[in-house]
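# Observations on the three-dimensional arrangement
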Amino acid sequence: MSAPLWVFDELVRVAGGTADGRPAVQVTGLSIDTRTLAPGDVFVALTDQRDGHEFVDGAFARGAAAALVRRDYDRKPGDGTLIRVDEPLRALERIGVAARRRLAPSARVIAVTGSAGKTGTKEMLRACLMACASSPDRVHAPEKSFNNHWGVPLTLARMPADTEYAVLEIGMNHAGEIRPLTQMVRPHIAVVTNVLPVHVGNFADGMEGVAKAKAEIFEGLEPGGAAIILQDSPHSELLRATAAMAGARVLTFGPGGGADASLVDISEQPGAGAEPITAISTRVNDGGEGFGVEYDLGMPGEHLAINSLAVILALQQLGCLKPAALRRLGGLRPVGGRGARQLIDTGERPILLIDEAYNANPASMRAALGNLAGVPGEVRRVAIMGDMLELGAEASRYHVGLLDAACRTDLVLCCGPQMKHLFEALPVERRGAWAPTSAGLIPHVIATIRPGDAVMVKGSLGSRMAPVVEAIKKHFAPSRQGG
């Protein structure tokens, strides 16, 4: 049986609630989704696209220890223990704050934000810190990209009291969203991977507004904390000044010289299966002559290699920059939707499918096109691209701005009104097909791809490129079954 995450009476108290009954089992977790709820979880009935109170009965049917609900919720047959609160999200925030407060003084918390690379950087930190903690289960991080107004407090609320290292993502779509979250997290180290034109359409002052919103993460830093920023960002001075105002020690990383962690050399080498290994050499400033660090990263791409430099600096600050931690970077692999590679057996030459369908912005799209262009061998490189969203009035310019990167591939298929601008700018020989939606593009994709191709699929989440990935798998993979 899992150890209790919360003593029930303490949980009720920190939530600011009133107990209606007592659970028959220990509280071993918290959940906001009955589909993934585990026995012993407390179900938090949040109101988002759906009202979580509609699913309370389902939570108890799956073994929930209790449900955290509004005070006016009407008990139904089959309901178990209820924790009644004024508003479940506010209660979840209070639980998260209490979870952060109960950590030992020696525990260290790292927060990561940025326009791109948050999840990959978080996973690098999680992997390395597992070699630094007294036990791997003393490292806490969200399994998914829980980086918004409910994801951050939920991640904190799930944090065991004996956690030694915690790594949290903090994201935003608008100004003022990071500030309350970083004040809950109270990180000792805050990382800003980059500032890119993501959600820029939500800011009247454009990219400067995006940079100011990212800089809010420094406002929650613990006294004497460290701020880690990209040296080569055009907004580095704004980030540096904001961090300094918060009393932080500012450390920089980047591909050029002069940073506290700089990229000396990078090379891609064959790995197991479809995933290559990136060999990285860095130079780290220690206040003297500095020292070199070499390691392998099990995820391809220069952008990920650069973000790994921020990880190196964080480990240095934590006293964890040691071989056992660095070896874990070589074992990492991209996850579905974020660059995962799969060889699809067609019965002839396999298709290399690169799944980048989770999200997109101009920088990450350019990086993904670069990775596709770098696939070795005699292959046809096919880019399948959906609209990049929330780019504001300059959206068409950002899409056409990918022309040079797209032209490094052999064939381009696009969907969405913005990608039409790029498609029409392409040389005729590189135009595969365009459709208004991803669903409309799928028949063209299936008709175009052939054995031996390297295929990359990418677009913003709202462009719905994941069904394109699944259509490719469904069409080609079943042909090898039953043989």
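Here's what I pulled together on the structure shown here. (Residues numbered from 1 in each chain as written. Predicted model: local features only at pLDDT ≥ 70, side-chain atom pairs only at ≥ 80, totals over all residues. Heavy atoms only, no water.)

### Let's talk about the overall build of the protein chain
Regarding its fold elements, the protein chain presents 16 helices and 20 strands. The C-alpha radius of gyration of the protein chain comes to 24 Å, within 12% of the 23 Å expected for a compact globule of 483 residues. Overall size of the protein chain, expressed as C-alpha extent along the three principal axes, is 70 × 60 × 50 Å. Looking at the protein chain residue by residue over its 483 residues, the buried ones come to 55%. Across the protein chain, the fraction of contacts at a sequence separation of at least 24, relative to all contacts at a separation of at least 6, is 62%. Split by element, the accessible area of the protein chain, about 20100 Å² in all, is 51% carbon and sulfur. When the 50 positive and 52 negative side-chain charges of the protein chain are each reduced to one mean point, those points stand 2 Å apart. (Helix = DSSP H or I, 4+ residues; strand = E, 2+ residues; numbered from the N terminus. Rg over C-alpha atoms; globule rule 2.2 N^0.38 Å. Buried < 20%, exposed > 50% of the residue type's maximum accessible area, 1.4 Å probe, protein only. Contact = heavy atoms within 4.5 Å. Areas by Shrake-Rupley, 256 points an atom, 1.4 Å probe, with all protein chains shown as cover. Lys, Arg positive; Asp, Glu negative; His and termini not counted. Charge placed at Lys NZ, Arg CZ, Asp CG, Glu CD.)

### A short note on the sheet that holds strand β11 (residues 249–254)
Read across the sheet, 9 strands follow the order β7-β8-β6-β9-β10-β11-β12-β13-β14 without closing on themselves; strand pairing throughout is mixed. With partners counted over all chains shown, the strands left at the sheet margins are β7 (139–140) and β14 (291–297), one partner each. One ladder, built from 8 bridges, connects strand β12 (residues 261–269) with strand β13 (residues 277–284); its direction is antiparallel. Paired with Ala261 across the bridge in β13 is Val284. (Pairing = 2+ DSSP bridges.)

### Notes on the pairing of β13
The element β13 is extensively covered by neighbouring structure, given that 7 of its 8 residues are classed as buried. As judged from the 7 bridges shared by β13 and β14, these two strands associate in the antiparallel manner. Note that in β14 the partner of Val284 across the bridge is Phe291. In this antiparallel pair of consecutive strands, β13 and β14, the connection spans 6 residues, and Gly287 shows a positive phi of 90°.

### What to know about the side chain of Asp355
When you line up the elements, Asp355 lands in strand β16 (residues 351–356). Here Asp355 occupies a buried position and makes no salt bridge, while the nearest side chain of opposite charge, Lys473, is found at 4.9 Å. Setting aside anything within four residues of it in sequence, one finds Asp355 in contact with Gly336, Gly337, Arg338, Gly339, Ala340, Val457 and Val469. (Salt bridge = Lys/Arg side-chain N within 4 Å of Asp/Glu carboxyl O.)

### Concerning unusual backbone geometry
A positive phi angle is found at His199, which is not glycine, with a value near 60°. Along the chain, the position of His199 falls in the loop between β9 (189–192) and α7 (206–215). For His199, a relative accessible area of 18% gives the class buried. One non-glycine residue, Glu390, adopts positive backbone phi at about 60°. For Glu390, the position within the fold is in the loop between β17 (381–386) and α12 (395–400).

### Regarding helix α6 (residues 178–185)
Here α6 has its buried residues at Ile178, Leu181, Thr182, Met184 and Val185. Viewed along the axis of α6, the buried residues span an arc of 155°, placing them on a single side of the element. (Arc of directions from axis to C-beta.)

### Description of the packing of aromatic side chains
Here the structure, examined in full by the defined rule, presents 1 aromatic pair. Between the NZ or CZ atom of Arg102 and the centre of the ring of Trp6, over which it lies, the distance is 3.7 Å. Lys420 extends its terminal NZ or CZ atom over the ring of Trp434, reaching a point 4.8 Å from the ring centre. (Phe/Tyr/Trp six-rings, centres within 6.5 Å; stacked < 30°, edge-to-face > 60°. Lys NZ or Arg CZ within 6 Å of the ring centre and 35° of its normal.)

On their own, these measurements won't tell you what the molecule is for.
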